[in-house]
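Commentary on secondary and tertiary structure
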Amino acid sequence: MSLTELNACLKDVWTCTEHNNLARAKTRLKPLDKETKKKIMTLKIAEKTPLFLACWKGFVHFVNYFLDECGADIEQKGIFEVSEDQSRHLVTPLWCAAVANKLDVVKTLVIHGANVNGESDTKSTPVRSACFMTNIDVVKYLVKQGADIHKPNINGGTCLINSVQSVTLCQFLVDNGADVNAQDNSGNLALHYAIREGRIDSVRLLVKCGSNVLIKNELGDDALQTASLRGFDTIVYYLLEASKLSEQRIIDAYELMGANYVDEKHDIPQGIQFWKKSLEMRQELSELVEGKPYPKDNNQAYENETEFKNVKDLEKIISCPDAIYMQALLIRERILGPKHKDTTFGLMYRGAVYADTHRYQRCIDIWSYALHLRHVNFEALNHETIFINLLSITKLFWEIWTEQQDHSSEEERLKFDDVCRVIEICVDQIENSIEIPVDQSDIKKLRHKEYFHTVLLLSLHLLNLMCYMELEEENSFKFRKLVHKLIVLNPLGQRGEHLLHLATDYRSSSVDNEECSRLPNVKLVQLLINCGADVNCVDSRRNTPLHVLGQSLKQDRSSSCPYDKIADLLVLHGAHVDACNTLGEVAYQVMVNKNKMIVPFDHITLKCLASKVIRKHALKYEGEVPESLKPFIEMH
């Protein structure tokens, strides 16, 4: 049977399975020999075999027929899409049936010899994923058949962690030996997850069964701190009753609860009550508890506010919401420390609120401080630093600039120091991660390149913004010095692009699928050239910036970008119009516009022609020409 005939038969069988018509499927497959049937069972539509489709639908009669009569591979994996979180997983038929809650199919697959611990692409077993879906009957059956409830997935998540939404399921797993103190890769217990979801019944069960409330995750959160950060007062009070905790931990909990009520629940009166309760405890236990630490230096991000020291201080600011909000941020930073994600997330949230009300400078001050905390406390190219802090503040700057072209008060206008400070952080990030560590895995190297490329793009958009700002002579010198430093670092993008390549590529306008500013831009190209960028630099495909500009023009014909002016600028500063990339494309041929095209002989020198002859005839030039001439010859 030809491949076309096989696919036609597969399509018929697939349709029969979808519509639960086993009789018609049998009629279609009956004339075929066993090998042909088995071959059809290996073919896929939408990344699923007929057996996989039958398991997902729950058609046990189809499953038995495909296994018994057609020789379907019981372990052949397909793609399962989880509608709840829209994730896709490569899994076995048993995993599919377990998650789809098709108990009859699960039973027949096990009877036919399916591996009860067959892993998905994330090393999740059928029983673990069935726990996530709260398919209790499936879980109980699989455990009875020997499923391993202790086996974690790639992130260290266990069956018990996946079951915190159901106290019944948690009890079953604990009764069958599940470790209540098993931690995932981030140090979280099932107890942490139960608290985050506000599952008080599961929390009670886990604590009763021996879950250690003092175990901290990688952020330093134990059970009480986790509950306090989310404002779950019922869980907080339970943990205080069920566990013996230090007075300082209890005070911290009340203070964090107050911050949560102020910031996230928008209930300032209740938040203040929690803070008053913490002050009362401090007063009662003054001999047992160390004095409350206060920041020594005023912080512009917090409008120079310092924490209240007593009830009298607190009463003074009750009528000032901004001051109360600053207290919440101050408390989080003191208790959680600068590395905790809730410290910086709280800053980002409060800044966003100010931005929504057009109080842009307040947002800039707070977001700049959040970026500073991440920059000084985390390794370069941290995901949150780039995609939350840097990307957000870059977009904010451009939004402010766009708006202030129409109207804006002097106080809300962009300031050189604010933008320059962020550019300096970008340059530091690039300088500190210019080389990929040799001991990294391939996946980490790819992620490193992606993150590094993103920082390069964000840097360009910030430089582009600065090109529009009117700078005093002193600031202009400082800025150009910073740009020169960046160019000297010679950072390269994912495909070996130099800064000038990225600046001439219209695709650089978007960062992480979000447009920041419009590229290419004449002013930015001029800036880079003036600060030392090489107009004849080449990427991994030996494209020069002139090549990239031409490619952008062909893909961006609707743009109002002055491609001709940028081309003239590159050529004026020595760009070789006859430079050749790895595809054999010559720069002046790529850079063609319906209004104008480059005349090559206006710019080609005898030196260029000599290089082209050497390359064309593959003449040996090693040892015959100075080393400094080799890149020039290779360019042609």
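Here's a quick rundown of the structure.

What counts as what
- Residues numbered from 1 in each chain as written.
- Predicted model: local features only at pLDDT ≥ 70, side-chain atom pairs only at ≥ 80, totals over all residues.
- Heavy atoms only, no water.
- Helix = DSSP H or I, 4+ residues; strand = E, 2+ residues; numbered from the N terminus.
- Buried < 20%, exposed > 50% of the residue type's maximum accessible area, 1.4 Å probe, protein only.
- Contact = heavy atoms within 4.5 Å.
- Areas by Shrake-Rupley, 256 points an atom, 1.4 Å probe, with all protein chains shown as cover.
- Axes fitted to C-alpha atoms, helices over the stretch in contact; angles between N-to-C directions.
- Parallel < 35°, antiparallel > 145°, perpendicular 65-115°, else oblique.
- Nonpolar A, V, L, I, M, F, W, Y, C, P; charged D, E, K, R; others polar.
- Phe/Tyr/Trp six-rings, centres within 6.5 Å; stacked < 30°, edge-to-face > 60°.
- Salt bridge = Lys/Arg side-chain N within 4 Å of Asp/Glu carboxyl O.
- Expected span 1.5 Å × (residues − 1).
- Bend = angle between axes of the 7 residues up to and from the residue.
- Polar contact = N/O pair within 3.5 Å; in protein donor to acceptor, adjacent residues only side chain to side chain.
- Disulfide = S-S within 2.5 Å.
- 1 Å grid on protein atoms, 1.4 Å probe; cavity = no way out; pocket = protein on both sides within 12 Å on 5 of 7 lines; lining within 4 Å.
- Points joined across faces, edges and corners; volume = space filled by probe spheres on them.
- Pairing = 2+ DSSP bridges.
- Arc of directions from axis to C-beta.
- Core = buried A, V, L, I, M, F, W, Y, C linked by side-chain atoms within 4.5 Å.

Quick look at the overall build of the protein chain now. A tally of helices and strands in the protein chain yields 31 helices and four strands. Of all 636 residues assigned to the protein chain, the portion counted as buried reaches 53%. Taking the intrachain contacts of the protein chain between residues at least 6 apart in sequence as the baseline, contacts between residues at least 24 apart amount to 69%. As displayed, the protein chain has an accessible area near 30,400 Å², and 48% of this comes from carbon and sulfur atoms.

To continue, consider the packing of helix α14 (residues 233–242) against helix α15 (residues 247–263). Two elements in contact, α14 and α15, have axes separated by 12 Å at closest approach and are oriented at 175°. With respect to their mutual orientation, α14 and α15 come out roughly antiparallel. For the pair formed by α14 and α15, the contact residues are D233, V236, Y237 and L240 on the first element and I250, Y254, M257 and Y261 on the second. Of the residues belonging to the contact of α14 with α15, the class tally is seven nonpolar, no polar and one charged.

Bringing the packing of aromatic side chains into the picture now. Evaluated as defined, the whole model comprises eleven aromatic pairs. Between Y261 and F274 the ring centres are 5.3 Å apart and the planes differ by 40°, which places this aromatic pair in the tilted class. A residue pair is termed long-range when its members are at least 10 positions apart, and Y261 in helix α15 and F274 in helix α16 (residues 268–284) qualify at 13 residues. Comparing Y261 with F274 shows no difference in burial state: the two are buried. Consider the rings of W275 and F308, whose centres lie 5.5 Å apart with planes at 45°: the pair is tilted.

All told, the structure shown has 22 salt bridges when counted by the stated rule. Put simply, E119 and K151 hold a salt bridge, and the shortest N to O gap is 2.9 Å. Placement of E119 in the loop between α7 (103–111) and α8 (126–132) and of K151 in the loop between α9 (136–144) and α10 (167–175) is noted, with a sequence separation of 32 residues between them. We classify E119 as partly exposed; its relative accessible area is 24%. Where E303 meets R362, a salt bridge forms, and the shortest distance between an N and an O atom there is 3.4 Å. With E303 in the loop between α16 and α17 (311–317) and R362 in helix α20 (residues 360–377), this pair connects stretches of sequence that are 59 residues apart.

This brings us to helix α21 (residues 383–404). Given a rise of 1.5 Å per residue, 22 residues ought to cover 32 Å, and the 31 Å separating the end C-alpha atoms of α21 matches this to within 8%. At L390, α21 shows its maximal kink, close to 30°. Sitting at the amino-terminal end of α21 is N382, which places a side-chain oxygen 3.0 Å from the backbone nitrogen of E384.

Okay, the state of the cysteines next. Under the defined criterion, the tally for this structure stands at zero disulfides. Distance from the sulfur of C209, which forms no disulfide, to the nearest cysteine sulfur (C170) is 9.1 Å. Classification of C209 by relative accessible area gives partly exposed; the value is 32%.

Turning next to empty space enclosed by the protein. On inspection of all chains with the given rule, the structure shows two cavities of 30 Å³ or more. In this structure, the second largest cavity is lined by R196, L219, D221, L229, R230, H340, K341 and D342. Here the residues of the lining of the second largest cavity sort into two nonpolar, one polar and five charged.

Within strand β1 (residues 78–82), four of the five residues are buried, which leaves it mostly tucked inside the rest of the structure. Pairing geometry for β1 and strand β2 (residues 87–91), over five bridges, is antiparallel. Directly across from E81, in β2, lies its bridge partner R88.

At the junction of L519 and P520, the peptide bond is cis and its omega measures out at 0° in the coordinates. Structurally, P520 can be placed in the loop between β4 (514–515) and α26 (522–530). Although it is not a glycine, E47 adopts a positive phi angle of roughly 65°. Assignment of secondary structure puts E47 in the loop between α3 (34–42) and α4 (50–57). Phi at T134 is positive, roughly 55°, even though this residue is not glycine. Inspection of the secondary structure assignment puts T134 in the loop between α8 and α9. By relative accessible area, which is 28% here, T134 ends up partly exposed.

Moving on, we come to helix α2 (residues 22–29). Of all the residues in α2, the buried ones are L22, A25 and L29. For α2, the angular spread of the buried residues around the axis is 60°, confining them to a single face. Seen from the buried face of α2, the exposed residues on the opposite side, beyond 90 degrees, are A23, R24 and T27. Elements that come into contact with the buried residues of α2 comprise α1 (3–18), α3 and α5 (60–68).

Let's shift gears to the nonpolar core. Ranked by internal contacts, the top residues of the largest apolar core, which has 104 residues, are W275, L528 and L570. With twelve residues, helix α23 (residues 442–468) is the largest single contributor of residues to this core. Contacts of L528, omitting those with residues within four sequence positions, involve L460, L463, V483, I487, L499, L500, A503 and A533. Formed by 92 residues, the second largest nonpolar core is a distinct cluster that contains L245, A253, M281 and L285.

For the rest of this paragraph, the subject is the packing of α1 against α3. Two packed helices can be described by the angle between their axes and the distance between those axes. Where α1 meets α3, the closest approach of the two axes is 10 Å, and the angle between their N-to-C directions is 70°. Regarding the angle of α1 to α3, the classification is roughly perpendicular. The residues of α3 that touch α1, namely those facing L6, C9 and L10, are T36, K39 and I40. Counted by class, the contact of α1 with α3 contains four nonpolar, one polar and one charged residues.

Keep in mind these numbers describe shape, not what the thing actually does.
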